[in-house]
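Observations on the three-dimensional arrangement
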Amino acid sequence: PHIGHLYSAIIADTIHRYHRICGKSETIFSTGTDEYGIKCCQGFREAQTTDELHRRAVQTFWTTLWNNGFIHKSSYEGWYCVSDETFVTELQVITNADNVKVSAESGNPVEWSSEDNYIFKLSQFKDQILDWINSGDTVKPSVFATILSHEVEKGLRDISVSRPKSRLSWGIEVPNDCTQVIYVWFDALINYLTVSGYPSDENHVWPPDCQVIGKDILKFHGIYWPAFLMAAGLKPPRSLLCHSHWLKDDIKMSKSRGNVVDPIHCINQYTSDGFRYFLLRQGSLHTDSNFTELKAKQYLNAELADNFGNLLNRCTAKAINKNQIYPNLSLNDFKSIESESFELIERIQNLAKNCENHYLSGSFHLVINDIMDCLRLNNIFFNETKPWLLAKEETEEQKLLSVLYITLEALRVSAILLQPIVPNIANQVLNKLNISPSERNWINAEQTFPSQTIDSQQNKSLSSRKSIVFAKI
């Protein structure tokens, strides 16, 4: 798997973690990559047993489509792209500079293929697919909804959903026809159903709330997949979140150029949370994103180490926070620093609401922007109020406690909201602040700065464990 696979998985995992801290405990998270096809067979020449539960799901689904009259056997011919494992139309074939016919979309070579295959009646689902695409924010970002709509409006042709076993021996056999194996993408798509408990569990969780994909497989998930589901009498996904590709130093990655980013190397260099942070910080769904080692180091050092980590170190330092406490205060206690703290308090109070909208739209970079802007403002506030001087004056104790409380609240709220993005770092910060696991949910980030102090609550002790949010690279 390359950085694109990892990016899809991280986005899906981030969305999943977001819903978990919002109180949705009964959730299913599934991810994976292709494990077979002609190109794999040509490379490895070996067989691999497919999970029996998945085999049953695929064959049950196929039989349902057959019984519903949406699959039939017929001769099928056209240009076939081995690398992309799909047939392409005449309009999607071009001749490259080497006089080789290739797919206009991927640039991979195509070959003419004529076979007896099973055909799915995709052309019958044009109107239903358009209705699904255009029903609210089903496909996000909207640029990909537009691409899908244009593709469907041009007209859909029936597609092959099997290959002769003589050409592709590695795969699940078509029910009642041992000469054919089920088309690799048909098989792969059914994995979503297998994970949900289909077909054995009558109460299987369906449809998925969100499916995350790269733009190179948009057609399969935005046209074929909903059509297959509709043909089986099942609902299509509630939403489809599509992301663009990654470049390396503004150049498309390829093995021949030797500029492919190795995810394992990056995790070893930046830590798993650090690499997650950079991909979600730099990544953009609607346009291709650019990976540079310089940018990665700049973001991680400036934002995680300096902005976030340094603020935690400053307000938990024994020279400033002598008793190592998280004060129990309210808005009424901030009169002495009202003018200096007003903007910061308002920013902290609105942070959860603003980040909620960004999470729901898949704009993770905006989540990070809002949180880092808040922490930067807090660092400025910390510098202006000079708590290291307040700590030396007994008469300034209330003002010092106010500065510490506001700063610790900013860190607490930020850490809760960052849990889906950097789970390990967020957990470390919340542990240092001695926040119990039951108080790390989204609602706890919304509950900040009470109007009155709760008398029964005492100042909370901070953890004595030393905490380094992120070690500079």
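Further up the page is the structure itself.
Since the model is a prediction, treat every value here as computed from it, not as a measurement.

**Points about a nonpolar patch on the surface**
The grouping of Ile 28, Val 195 and Val 205 at the surface amounts to a nonpolar patch, some 240 Å² of accessible area in total. Structurally, the position occupied by Ile 28 is in the loop between α1 (3-21) and α2 (38-44).

**A short note on the packing of aromatic side chains**
Tallied over the entire structure, the rule returns 27 aromatic pairs. Where Tyr 18 meets Trp 442, the ring centres are 5.2 Å apart and the plane angle is 85 degrees; that geometry is what we call edge-to-face. Placement of the pair is Tyr 18 in helix α1 and Trp 442 in helix α16 (residues 442-446), with a sequence separation of 424 residues. For the residue pair Tyr 18 and Trp 442, the accessibility class agrees, reading buried in each case. Taking 6.2 Å as the distance between ring centres and 45 degrees as the angle between the ring planes, the aromatic pair formed by Phe 278 and Tyr 299 counts as tilted. Highlighted residues: Phe 278 in helix α9 (residues 272-282) and Tyr 299 in helix α10 (residues 293-315), separated in sequence by 21 residues.

**Focus on the sheet that holds strand β6 (residues 139-140)**
Taken in spatial order, the three strands make up an open sheet running β6-β12-β11, and their pairing is parallel. Pairing within the sheet leaves two strands with one partner each, and these edge strands are β6 and β11 (211-214). Bridge analysis of β6 against strand β12 (residues 240-243) gives two bridges, and the strand direction is parallel. Bridge pairing in β12 places Lys 140 opposite Leu 241.

**As for the pattern of salt bridges**
Per the counting criterion, the structure on display carries 15 salt bridges. The partner of Arg 55 in a salt bridge is Glu 52, and the shortest N-O contact between them spans 3.6 Å. A residue pair is termed a helical-turn pair when its members lie 3 or 4 positions apart in one helix, as Arg 55 and Glu 52 do in helix α3 (residues 52-67) at three residues. Each member of the salt-bridge network shares a partner with another, and the members are Asp 13, Arg 17 and Arg 276.

Thresholds, definitions, all that
- Residues numbered from 1 in each chain as written.
- Predicted model: local features only at pLDDT ≥ 70, side-chain atom pairs only at ≥ 80, totals over all residues.
- Heavy atoms only, no water.
- Patch = residues over 30% accessible without salt bridge, like charges linked within 9 Å, V, L, I, M, F, W, Y side chains within 5 Å.
- Areas by Shrake-Rupley, 256 points an atom, 1.4 Å probe, with all protein chains shown as cover.
- Salt bridge = Lys/Arg side-chain N within 4 Å of Asp/Glu carboxyl O.
- Helix = DSSP H or I, 4+ residues; strand = E, 2+ residues; numbered from the N terminus.
- Phe/Tyr/Trp six-rings, centres within 6.5 Å; stacked < 30°, edge-to-face > 60°.
- Buried < 20%, exposed > 50% of the residue type's maximum accessible area, 1.4 Å probe, protein only.
- Pairing = 2+ DSSP bridges.

It is worth stressing that arrangement in space is one thing and function is another; only the former is reported here.
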